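# A closer look at the structure
Each chain, letter by letter, is given below.
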Amino acid sequence: MSKVTVVGAGNVGATCANVLAFKEVADEVVMLDVKEGVSEGKALDMFQTAGLLGFDSKLVGCTNDYAQTANSDVVVITSGIPRKPGMTREELIGVNAGIVKSVAENILKYSPNSILLIVSNPMDTMTYLALKATGLPKNRVFGMGGALDSSRFKCYLSKALNANTNELEGLVIGGHGDTTMIPLTRFATYKGRPVTDLLDKETLDKVVADTMVGGATLTGLLGTSAWYAPGAAAAYVVESIIHDQKKIIPSCTLLEGEYGQSDICIGVPAVIGKNGVEAIVDYKLNDDEKALFAKSAEAVRKTNSVLNGLNVL
């Protein structure tokens, strides 16, 4: 019997839980939140759609009762405050660092063998924090951002090409930030054809720019962080773990020399299966791409340095 816990029943967490249940990714989906009644209410609301949508997954909501999360295979951590218009992901670090550390430690009391998928922002730094604070092996603590950024990349490619999104391949690596992510246009394809053969440089540059501010664009429109795509992206990663699909998904994982970087959690293509991050895939970057990746890593390290003054490591 498979079990997934989603910590944080806000928009992203609830969407993730809903997708997990609807797609029957796990036999049981638990939502936990600090706010009384929210996770219980949303879980009950979702469960009442089972007869309409035809899924069999069990949904449970609980308020701060970590015992309900016991023996989870995967735990998705979405806890923390969302972005507001004009706010960067990095500005969330002071509040969210303490929350993420506390959640990770409490989860492991009841699910010591679980895999932790980090969604909370700033995601690269929160992943690094969770990994260091828990002492878990690196395959069991990683971040979701690359799956979301790559989905947005394919969305904008689809618009530019007037093509079916599901017939496109596109990867985004680097930090999960408006200025640090790197859409790899050179590796993007439409039904096997390089998009660089199908779109001119000006159009591709716009696709890249739109992808990089994809989250900020939605925050400006909605007045808060997006949730449908982030929630679905987290569920997509969980599905690859629970069903051992071994999909190659750009994921924020600890590097130990790969891509020329060490002691940093940042987005790179990774094989995701039942053991979490099972392998890092080496895409042969050219000199320009290597330079962009190094610059992205430098920015992530700068954000990580803030942790030193927060007494959380």
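Below, the structure is looked at part by part.

Parameters and conventions
Residues numbered from 1 in each chain as written. Predicted model: local features only at pLDDT ≥ 70, side-chain atom pairs only at ≥ 80, totals over all residues. Heavy atoms only, no water. Helix = DSSP H or I, 4+ residues; strand = E, 2+ residues; numbered from the N terminus. Contact = heavy atoms within 4.5 Å. Areas by Shrake-Rupley, 256 points an atom, 1.4 Å probe, with all protein chains shown as cover. Core = buried A, V, L, I, M, F, W, Y, C linked by side-chain atoms within 4.5 Å. Buried < 20%, exposed > 50% of the residue type's maximum accessible area, 1.4 Å probe, protein only. Lys, Arg positive; Asp, Glu negative; His and termini not counted. Salt bridge = Lys/Arg side-chain N within 4 Å of Asp/Glu carboxyl O. Polar contact = N/O pair within 3.5 Å; in protein donor to acceptor, adjacent residues only side chain to side chain. Axes fitted to C-alpha atoms, helices over the stretch in contact; angles between N-to-C directions. Parallel < 35°, antiparallel > 145°, perpendicular 65-115°, else oblique. Left-handed = near helix turned anticlockwise from the far one by under 90°. Nonpolar A, V, L, I, M, F, W, Y, C, P; charged D, E, K, R; others polar. Patch = residues over 30% accessible without salt bridge, like charges linked within 9 Å, V, L, I, M, F, W, Y side chains within 5 Å. Pairing = 2+ DSSP bridges. Expected span 1.5 Å × (residues − 1).

## Here we look at the overall build of the protein
Within the protein, the regular secondary structure consists of 10 helices and 14 strands. For the protein, the C-alpha atoms occupy an extent of roughly 55 × 50 × 35 Å along the three principal directions. Within the protein, contacts between residues at least 6 apart in sequence are counted, and of these 69% link residues at least 24 apart. In the structure as shown, the protein presents an accessible area of about 13500 Å², 51% of it carried by carbon and sulfur atoms.

## With respect to the nonpolar core
If you look at the biggest cluster of nonpolar residues, it comprises 38 residues, and the most contacted ones within it are Leu20, Val76 and Val237. Core analysis: the second largest hydrophobic core is formed by 30 residues, Ile77, Leu108, Ile118 and Val312 among them.

## Structural notes on the side chain of Asp149
Positionally, Asp149 belongs in helix α6 (residues 145-161). The side chain of Asp149 sits in the buried core without any salt bridge; Arg152 is the nearest counter-charge, 4.5 Å away. At 2.8 Å, the side chain of Asp149 and the side chain of His176 are in polar contact. Beyond its immediate sequence surroundings of up to four residues, Asp149 is in contact with Val172, His176, Met181 and Thr211.

## Comments concerning the environment of Met144
Positionally, Met144 belongs in the loop between β6 (141-143) and α6. In this structure, the C-alpha to C-alpha distance between Met144 and Phe47, residues 97 residues apart in sequence, is 26 Å.

## With respect to the packing of helix α5 (residues 123-134) against helix α10 (residues 287-304)
Where α5 contacts α10, the two axes come as close as 9 Å, and the packing angle between them is 60°. With respect to each other, α5 and α10 are oriented oblique. In the packing of α5 onto α10, the handedness of the crossing is right-handed. Contact with α5, carried on its side by Asp124, Thr125 and Tyr128, involves Val300, Thr303 and Asn304 of α10 and no other residues of that element. When its residues are assigned to classes, the contact of α5 with α10 shows 2 nonpolar, 3 polar and 1 charged.

## A word on a nonpolar patch on the surface
A cluster of nonpolar side chains, namely Phe22, Leu52 and Leu53, defines an oily patch on the protein surface of about 350 Å² accessible area. Checked against the element boundaries, Leu52 lands in helix α3 (residues 50-53). The exposure class of Leu52 is exposed, given its relative accessible area of 72%.

## So, the pattern of salt bridges
Per the counting criterion, the structure on display carries 11 salt bridges. As a salt-bridge pair, Arg186 and Glu289 come within 2.8 Å of each other at their nearest N and O atoms. With Arg186 in the loop between β9 (181-183) and β10 (189-190) and Glu289 in helix α10, the pair connects residues that are 103 residues apart, well separated along the chain. A relative accessible area of 8% places Glu289 in the buried class. Through salt bridges that share partners, Lys138, Glu256 and Glu258 make up one connected network.

## Quick notes on the sheet that holds β10
As summarised here, the arrangement of the 3 strands in space is β7-β10-β11, forming an open sheet in which the pairing is antiparallel. Here the strands that pair on one side only, and so sit at the sheet edges, are β7 (168-169) and β11 (193-194).

## Re α6
Think of an α-helix as turning once every 3.6 residues; residues three or four places apart then point the same way. Taking 1.5 Å of rise per residue, 17 residues should cover 24 Å, and α6 covers 24 Å from first to last C-alpha, within 8% of that figure. Counted residue by residue, α6 has 12 buried out of 17 residues, so it is predominantly covered. Within α6 the residues assigned to the buried category are Gly145, Gly146, Ala147, Leu148, Asp149, Ser150, Arg152, Phe153, Tyr156, Leu157, Ser158 and Leu161. Once α6 ends, the next one or two residues include Asn162, with phi positive near 55°.

## Description of the pairing of strand β4 (residues 74-77)
Here β4 shows no split at all, with Val74 and Val76 on one side and Val75 and Ile77 on the other all buried. Alignment of strand β1 (residues 3-7) against β4, held across 4 bridges, turns out to be parallel. Each bridged residue has a counterpart across the sheet, and for Val7 the counterpart in β4 is Ile77. Relative to strand β5 (residues 115-118), β4 is paired through 4 bridges, and the arrangement is parallel. Counterpart to Ile77 in the pairing with β5 is Ile118.

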